[in-house]
Amino acid sequence: FKMGMGSEITKYLTVDMGLKALIGKIESDNTDGNMASIGLYTSGVYDNRSSTGIPFEITGMICMAPRVLSFIDAEEYLSFKTSLGIHIFPNKRGVVFVGLRYTEIRIEDDKDVTEARPFIGFRFRF
C-alpha cells in the first residue's frame with residue numbers, strides 16, 4: 001500500500017514521494033521470520049513521448065524504512081526498482097514494462113536477506 005503526493009517537475013518528469021506500508025513473511029535459506037515496516041519512498045517517471053514521438057517511459061523508485069519504522073523481526077528495509085516501459089495505448093493508458101527490483105531486509109541478529117530479480121508487467125490506467 002502506498003500513499004503519497006506527486007509533482008510534475010517538467011513536461012517530461014514527474015516525482016512522487018510518500019509512505020509505503022509493508023507487511024509479510026521473510027523466507028530464505030538460513031532465515032525465517034515476519035516483518036512489518038513503514039517505508040519512506042520517492043519515485044520518478046521520465047516520459048519521453050512528447051519530445052521524440054517514441055512512446056516510452058523510464059521509472060525508478062527507492063524505499064527505505066529505518067529501525068524506528070521497522071517492526072516484528074525486521075530491523076531495516078531497503079528496496080529500489082527501475083523499469084523501462086512502452087506505451088501501447090494512446091493517452092498513457094496502457095504500458096508494458098520490464099525492469100529490475102532489489103530488496104534488502106536486515107533482521108534480528110544482523111542477518112541480511114537480499115533479493116534482486118527482473119520483472120515484466122502491464123499497467124493500465126483509467
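Computed from a predicted model, the values in this text were never measured in an experiment.

So, on to unusual backbone geometry. Although it is not a glycine, Ile72 sits at a positive phi angle of roughly 60°. Locating Ile72 in the fold gives a position in strand E5 (residues 70-72). When its relative accessible area of 54% is taken as the criterion, Ile72 is described as exposed.

Turning our attention to the pairing of strand E3 (residues 32-47). Of the strand pairs in this sheet, strand E2 (residues 13-27) and E3 are connected by 15 bridges, and their pairing is antiparallel. Residue pairing in the sheet places Thr14 in a bridge with Val45 of E3. Counting the residues in the hairpin turn of E2 and E3 gives four residues. Where E3 meets E5, three bridges bridge the pair, whose relative direction is antiparallel. Residue Ser37 lies in a different strand from E5, and its bridge partner there is Ser70.

Quick look at the packing of aromatic side chains now. Counted according to the given criterion, the structure contains three aromatic pairs. Relative to Phe124, the ring of Phe122 has its centre 6.5 Å away and its plane inclined at 20°; by these criteria the two rings are stacked. Looking at Phe122, the relative accessible area reads 46%, which means it is partly exposed. With relative accessibility at 41%, the residue Phe124 sits in the partly exposed group. Across the ring face of Phe119, the terminal group of Arg101 is positioned such that the distance to the ring centre comes to 4.8 Å.

Glancing now at a nonpolar patch on the surface. Taken together, Ile86, Ile88, Phe89, Val96, Phe122 and Phe124 make up a surface patch of nonpolar side chains, about 530 Å² in accessible area. Considering the arrangement of structural elements, one finds Ile88 in the loop between strand E6 (74-87) and strand E7 (94-107). Given a relative accessible area of 43%, Ile88 falls into the partly exposed group.

Thresholds, definitions, all that
- Residues numbered from 1 in each chain as written.
- Predicted model: local features only at pLDDT ≥ 70, side-chain atom pairs only at ≥ 80, totals over all residues.
- Heavy atoms only, no water.
- Helix = DSSP H or I, 4+ residues; strand = E, 2+ residues; numbered from the N terminus.
- Buried < 20%, exposed > 50% of the residue type's maximum accessible area, 1.4 Å probe, protein only.
- Pairing = 2+ DSSP bridges.
- Phe/Tyr/Trp six-rings, centres within 6.5 Å; stacked < 30°, edge-to-face > 60°.
- Lys NZ or Arg CZ within 6 Å of the ring centre and 35° of its normal.
- Patch = residues over 30% accessible without salt bridge, like charges linked within 9 Å, V, L, I, M, F, W, Y side chains within 5 Å.
- Areas by Shrake-Rupley, 256 points an atom, 1.4 Å probe, with all protein chains shown as cover.
- Salt bridge = Lys/Arg side-chain N within 4 Å of Asp/Glu carboxyl O.

These values are about where atoms sit, not about what they do.
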